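Understanding the architecture of this molecule
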Amino acid sequence: MSGIFQFLSAHFHILHITFWPLLVGGIANGFIYSLIAIGYTMVYGVLRLINFAHSEIFMAGGFASYFLLHALIGHSTPSTGGSILFMALGMLSGGLCGMLVAVILERVAYRPLRRRNAPKLAYLISAIGASYFMFNLAGKEFGRYNLSMAQPFVNHSLFTIFGAPVQMYYIVIVAISAAMLFLLDRIVATTKLGRGIRAVAQDAETASLMGVNIDQTIVVTFMLGGFFGGLAGFLFGMSSGVVYTMGFTPALKAFTAAVLGGIGNVRGAMIGGLLLGIVESFSIAFVNGAFIDVVAFAILVLVLLVRPTGILGEQLGRSA
Amino acid sequence: MRSPVAATQIRRFLALLALMAVVELITGPPGSAEEPTIGITRSFSEPTSFFGLFVTPRFVLFFAFTVIIYLVASLWRSQSTSIVAIWNTTTAQPRAFTQRRAVRLSTRGGLLVIAIVLPLIVTDPFWQSSLVEQIAVYILLALGLNVVTGFAGLLDLGYVAFYAIGAYATAWVTGALPLAPPFGIHMDPFFAIPIAIVLAMVAGVILGAPTLRLRGDYLAIVTLGFGEIIALFANNLNTITGGATGTNEIPHFTFHVGPVNYRWGLGPVPYYYLALGFVVIFIVAFSLLEHSRVGRAWTAIREDEVAAESVGINPLKYKVMAFAIGAASAGFAGVMTAAQTNFVSPATFTLVFSINILVLVIFGGMGSIAGVILGAVLVQTFQMFIIHTPPAGFQPQDLYIYLGAILVAMMIFRPAGLLPSRRRRRELTMAEVGKSTAGEILIGEQS
Amino acid sequence: MSIDKIFDVDRVTLRFGGVVSLNDVTLHQQRGEILAIIGPNGAGKTSLFNSLTGVYQPQEGSVTFCAQPGESFDVIGKKAHRVAKAGVARTFQASRMFSALTTFENIKIGAESHRGIGAVGAMLRGPGTRRDERKSDGKTIELLRFVGLEGQANTISSSLSYGDRRRLEIARALATEPQVLLLDEPAAGTNPSEKLALADLIRKVRDVMGVSILLIEHDMKLVMSLAERLYVLNFGSVIAEGTPDEIRANEAVISAYLGTTAEDA
Ligand SMILES: Nc1ncnc2c1ncn2[C@@H]1O[C@H](COP(=O)(O)OP(=O)(O)OP(=O)(O)O)[C@@H](O)[C@H]1O
Ligand SMILES: [Mg+2]
């Protein structure tokens, strides 16, 4: 009994002294998960399937921005104006490359199956094949080692919260992600494009009868999801570097985040990502580092078993 | 103004060009972060000499291939109906002949005889051990995954976990792990067979019972995570599994009954016959299963779960059963490998492995026992061939690119596989002729 | 006098988010009765069937199924396959067959579904398994004859005509040896002569097999000639109950639903 108490108090002690740093790191990670989760949840909305190859969109975005920044910055240290420009270019290259890969993916791995009205299993297999193909191809072409990205700005601690230093990097991630997520939320909620996506997600058949172009809506959905995924690849790559397998773990966690928030639900993906980032960050205090990835997985299984509709709920289809 | 026909042709040509560029890339020399496009621009070590006449970069060659293939394909398109008609009439009789029961049975007998004499023909030690480690064992695994994915229509991406459980159970029972064997007795690997099978099945039920009620795509992710976690535990629980290095002290199979004493391990051939025997047993058992009430129930669930429930079939029960049976054969394959190689380590038990088995099943034909065996033989032979005689600049991981490409290509062009099962072919072609309103396409309520 | 009810539905309410599909529905079916549910599109008829078969779980009320007089089985909270095993069989509005299987196999799946699982038996293929197979085969052939599909036994079910698909679904449902058969718009998409044959078949199911029939049907002529009693649903509520003649004369029904069709029926 007292053993357990000692165990807990020791861990809570760690938690106590590292609470703020863990929170800050968790939020930053959480935003990256949110950005990736958007892609899962939007594609799920219109296609009713999990885009297993989304991890490779993330990876592609990371590499695109790596190559661009490497060419532009090299080993120099950019000025303030340069930092802003390079950040913008990094975001753009990551996002656009993610978009491109997403469109190709839809074209090659999904659309032929959609034309044939294939069973769901076929989509899953095709997507897994595509993912496997892409990251291994990246490994072959770009080498199978981690590449650190040329830094658009010098990372240093900006200020402290309750004594915990907050790094520039975190601020950048949070600011960019929050702005982009807000933008997306507005696009989905107010534009014609967003209405089309929502209509298809609600009831594809009726939407097509009402004149929504399904094919086009699906492509646009992939593009939006791809942009956010690629952008996340850039933000992630800035601190962790890029490598051909970089998509696997973050994407699995982002998927968890999408399910946690309620798959098919855009705001759910944002909330789920943040929540997962924070919970995972704090679990470092309790779980052996080797098993840290198990935490997200355990959350995934738990959510799927206990509340498969997630926090904000998904839209359920008819069954009979 | 381009005519629509010309536009289609240009599109086709560009698509082919893109495809050939990808082929060039994946067959080319490896790139690096500094020179990522080597696969397109360079040849392996030196410029390619074209018929010894002049030097061409690879992309010129590939462009030429593209043009040739395009021309041949156009020709084929314009002539295909007549060629297919001729083919159909000329092969009608032979095909009818192969459909006869007696012929089918004697084909099987013939194949078995070939399998039996194979080690006499294949005498190269590399290929002899490949026959056991890379083909026979993989056939067992493919047969098992075929029950899960082919028969029951469930995508299991963590199939390797059951194989790992089988292998570690063997190591445990024979006393090769840091964890003491049961009752402190170091047993023969033969005794590991029932134990491994039971443990794998129990793991299958424990994983399956809660998760198999999930939708197909969730199941795929959960099983994927499960596979990774088993590997993680194998890697990190040093005092139980031996950690990252695993163990290499697993003994060979031995046989002592009365005066007969036999020990496997003198070369791969005895193992080959042992594996062959088990492969035959599994084939027979799974064929009976396919054509039993259980097999029909799986088909029913796969095609329409709601309808299946309406006639009193409990989908969860049958899915768990498919999982357990698939797990059992993976567990068994684990015993074979562990005993033959004397060795287990977590490095084997990765997602790569699960995907590899999935490729065998998809390539050969989901739900078709003959298909998955053919798939296993072809894909594994291909892989071993490349590993045995690699082209310059080839890295073993490059094989994974091909595996991924096979999955996508099969789903696009031949979803029922090389040797489709009759039921699966009907299912997958039915969707094509069936009416396809937008809603059905999108929702595709099949799984 | 206590009547022998096979189905007793008491104050059932079913909601989907804000949509109320069934609103305080109370109804019953007598053993051996051919009972019909009618109502305009979206009235909640299919939702009622789904609630009676365990596919949907209503939030309020109770559904009691009595396979035999004196027995009772609570449907709500049970899984669909358990309800099916208890003796409730059904067909679907959009027919749902196992389309890659033959007619014979489709029915056989129904016939053998209530047996135990027996994977080990199947793999060993012992005498018990073989005996079971023969029994199911026999029953399948009997049902093929009963519904008039004996000529189509080896046809792939997806290539059957609409009318034959309906028959197949009925045969598959009957193969489970039910006490009651729920038919969701069995005549939809069939031609007039197929309709007549279907009506005969439905009557035969009741008269020969003694299976009670619960029927949803839009074709008024068919329903009025078949049903002994009807309930009318509108917006999820029961608005009328009675014999065909009573329903034809019911003002509320006429205004809510039947309109001109009442006259030609
Ligand atoms: N799974 C579901 N999710 C959401 N709403 C549903 C679901 N099932 C039924 N509904 C709603 O319940 C109401 C009744 O539908 P139901 O299918 O029961 O009508 P019906 O009487 O069978 O109509 P029809 O004659 O067209 O078959 C409809 O408003 C429908 O949208
Ligand atoms: Mg209906």
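Residues numbered from 1 in each chain as written. Chains lettered and ligands numbered in written order. Predicted model: local features only at pLDDT ≥ 70, side-chain atom pairs only at ≥ 80, totals over all residues. Heavy atoms only, no water.

1. Observations concerning the pattern of salt bridges
Residues and elements named next belong to chain C. The final tally for this structure, using the stated rule, is 32 salt bridges over all chains. In this structure, Arg-172 engages Glu-169 in a salt bridge whose closest nitrogen and oxygen atoms are separated by 3.8 Å. Here Glu-169 and Arg-172 lie together in helix H6 (residues 162–174), a separation of 3 residues that amounts to about one turn. Comparing Arg-172 with Glu-169 shows no difference in burial state: the two are buried. For the salt bridge of Arg-203 with Asp-200, the shortest nitrogen-to-oxygen distance reads 3.4 Å. (Salt bridge = Lys/Arg side-chain N within 4 Å of Asp/Glu carboxyl O. Helix = DSSP H or I, 4+ residues; strand = E, 2+ residues; numbered from the N terminus. Buried < 20%, exposed > 50% of the residue type's maximum accessible area, 1.4 Å probe, protein only.)

2. Points about the interface of chain A and chain B
Interface size is commonly expressed as the accessible area that is lost once the parts come together. Listed as interface residues are 60 residues of chain A and, on the opposing side, 72 residues of chain B. Inspection of the region where chain A meets chain B yields 2 salt bridges. Between Lys-140 of chain A and Asp-398 of chain B there is a salt bridge; the shortest N-O distance is 3.6 Å. Connecting chain A to chain B are 8 residue pairs in polar contact (both at pLDDT 80 or more). Of all the secondary-structure elements, those providing two or more residues to the side of chain A that touches chain B are helix H1 (2–47), helix H2 (54–73), helix H3 (80–116), helix H4 (120–142), helix H7 (204–209), helix H8 (214–240), helix H9 (248–261) and helix H11 (292–306) of chain A. In terms of residue count, the dominant contributor to the side of chain A that touches chain B is H4 of chain A (17 residues). (Contact = heavy atoms within 4.5 Å. Polar contact = N/O pair within 3.5 Å; in protein donor to acceptor, adjacent residues only side chain to side chain.)

3. A few points about the sheet that holds strand S10 (residues 237–242) of chain C
All names here are of chain C. Across the sheet, 6 strands lie side by side as S6-S7-S8-S3-S9-S10; this open sheet has mixed pairing. Edge positions in the sheet fall to strand S6 (88–90) and S10, since each has one partner strand and no second. Strand-to-strand twist of the sheet, defined as the mean angle between neighbouring strand axes without regard to direction, takes the value 20°. Alignment of strand S3 (residues 34–38) against strand S8 (residues 212–216), held across 4 bridges, turns out to be parallel. Of the residues in S8, the one forming a bridge with Ala-36 is Leu-215. On the sheet, helix H1 (residues 45–52) packs against S3, S6, strand S7 (180–184), S8 and strand S9 (229–234) and is oriented at approximately 145° with respect to S8. (Pairing = 2+ DSSP bridges. Axes fitted to C-alpha atoms, helices over the stretch in contact; angles between N-to-C directions.)

4. Notes on the sheet that holds strand S1 (residues 5–16) of chain C
Residues and elements named next belong to chain C. Strand order in this open sheet of 4 strands is S2-S1-S4-S5, and the pairing throughout is antiparallel. Sheet topology places strand S2 (19–30) and strand S5 (73–74) at the edges, where each strand pairs with a single neighbour. As defined by bridge partners, S1 adjoins S2 across 8 bridges and the pair is classed as antiparallel. Following the sheet pairing, Val-12 is matched in S2 by Val-25. Together, S1, S2 and strand S4 (60–65) form the strand contacts of H1, whose direction differs from that of S2 by roughly 65°.

5. What about a positive patch on the surface?
Residue and element names in this part refer to chain B. Among the surface-exposed residues, Arg-101, Arg-104, Arg-108, Arg-414, Arg-422 and Arg-425 lie close enough to one another that they form a single positively charged patch. When contributions to the positive patch are tallied by element, the ones reaching two or more residues are helix H4 (101–121) and helix H17 (422–433). With 3 residues, the top contributor of residues to the positive patch is H4. Turning to its location among the elements, Arg-422 is positioned in helix H17. (Patch = residues over 30% accessible without salt bridge, like charges linked within 9 Å, V, L, I, M, F, W, Y side chains within 5 Å. Areas by Shrake-Rupley, 256 points an atom, 1.4 Å probe, with all protein chains shown as cover. Lys, Arg positive; Asp, Glu negative; His and termini not counted. Charge placed at Lys NZ, Arg CZ, Asp CG, Glu CD.)

6. Observations regarding helix H7 (residues 192–209) of chain C
Along an α-helix, residues three or four positions apart point the same way, because every turn accommodates 3.6 residues. Residues and elements named next belong to chain C. For H7, spanning 18 residues, the distance from its first C-alpha to its last is 25 Å, which sits close to the expected 26 Å at 1.5 Å a residue. Of the residues making up H7, those classed as buried are Leu-198, Ala-199, Leu-201, Ile-202, Val-205 and Arg-206. On its buried side, H7 packs onto S3, helix H5 (127–147), H6, S7, S8 and helix H8 (220–226). Within two residues after H7, Gly-210 carries a phi angle of roughly 70°, on the positive side. (Expected span 1.5 Å × (residues − 1).)

7. Overview of the packing of H6 of chain C against H7 of chain C
Residue and element names in this part refer to chain C. Taken N-terminus to C-terminus, the directions of H6 and H7 make an angle of 10°; their axes are 10 Å apart at the nearest point. Considering their axes alone, H6 and H7 lie roughly parallel with respect to each other. When H6 is examined against H7, the residues Gly-163, Arg-166, Arg-167, Ile-170 and Leu-174 are found in contact with a partner set consisting of Glu-194, Ala-197, Leu-198, Leu-201, Val-205 and Met-209. The residue inventory of the contact of H6 with H7, partitioned by class, reads 7 nonpolar, 1 polar and 3 charged. (Parallel < 35°, antiparallel > 145°, perpendicular 65-115°, else oblique. Nonpolar A, V, L, I, M, F, W, Y, C, P; charged D, E, K, R; others polar.)

8. Remarks on the domain arrangement of chain B
All names here are of chain B. Partitioning chain B into domains gives domain 1 (4–79) and domain 2 (120–442). On the side of domain 2, 5 residues touch domain 1, which itself brings 4 residues to the contact. Summed over both sides, the interface of domain 1 with domain 2 buries roughly 450 Å², with 67% coming from carbon and sulfur. If you look at where domain 1 meets domain 2, you find 0 salt bridges. Residue composition of the side of domain 1 that touches domain 2, by class: 3 nonpolar, 1 polar and no charged. (Domains from an automatic or database assignment. Buried area = accessible area lost by both parts, 1.4 Å probe.)

9. Section: the site of ligand 1
Every one of the 16 residues lining ligand 1 counts as a neighbour, but Ser-21, Lys-45, Thr-46, Ser-47 and Gln-93 of chain C are closest to it. Around ligand 1, the neighbouring residues derive from chains A and C rather than from a single chain. Take Ser-21 of chain C: an N or O atom from its side chain is 2.5 Å from an oxygen atom of ligand 1. Between ligand 1 and Ala-43 of chain C there is a distance of 3.1 Å, counted from an oxygen atom to a backbone nitrogen or oxygen. Protein contacts shield 79% of the accessible area of ligand 1, which totals 630 Å² for the unbound molecule. Those elements that provide at least two residues to the shell around ligand 1 are S2 and H1 of chain C. For the shell around ligand 1, the leading source of residues is H1 of chain C, giving 3 residues. (Near = heavy atom within 4 Å.)

10. Here's the deal with the packing of aromatic side chains
Per the stated rule, a full pass over the model turns up 34 aromatic pairs over all chains. Relative to Phe-228 of chain A, the ring of Phe-227 of chain A has its centre 6.1 Å away and its plane inclined at 75°; by these criteria the two rings are edge-to-face. Here the two residues Phe-227 of chain A and Phe-228 of chain A agree in accessibility, since each one is buried. When the centroid spacing of 6.4 Å and the interplanar angle of 85° are considered together, the rings of Phe-13 of chain B and Phe-63 of chain B count as edge-to-face. (Phe/Tyr/Trp six-rings, centres within 6.5 Å; stacked < 30°, edge-to-face > 60°.)

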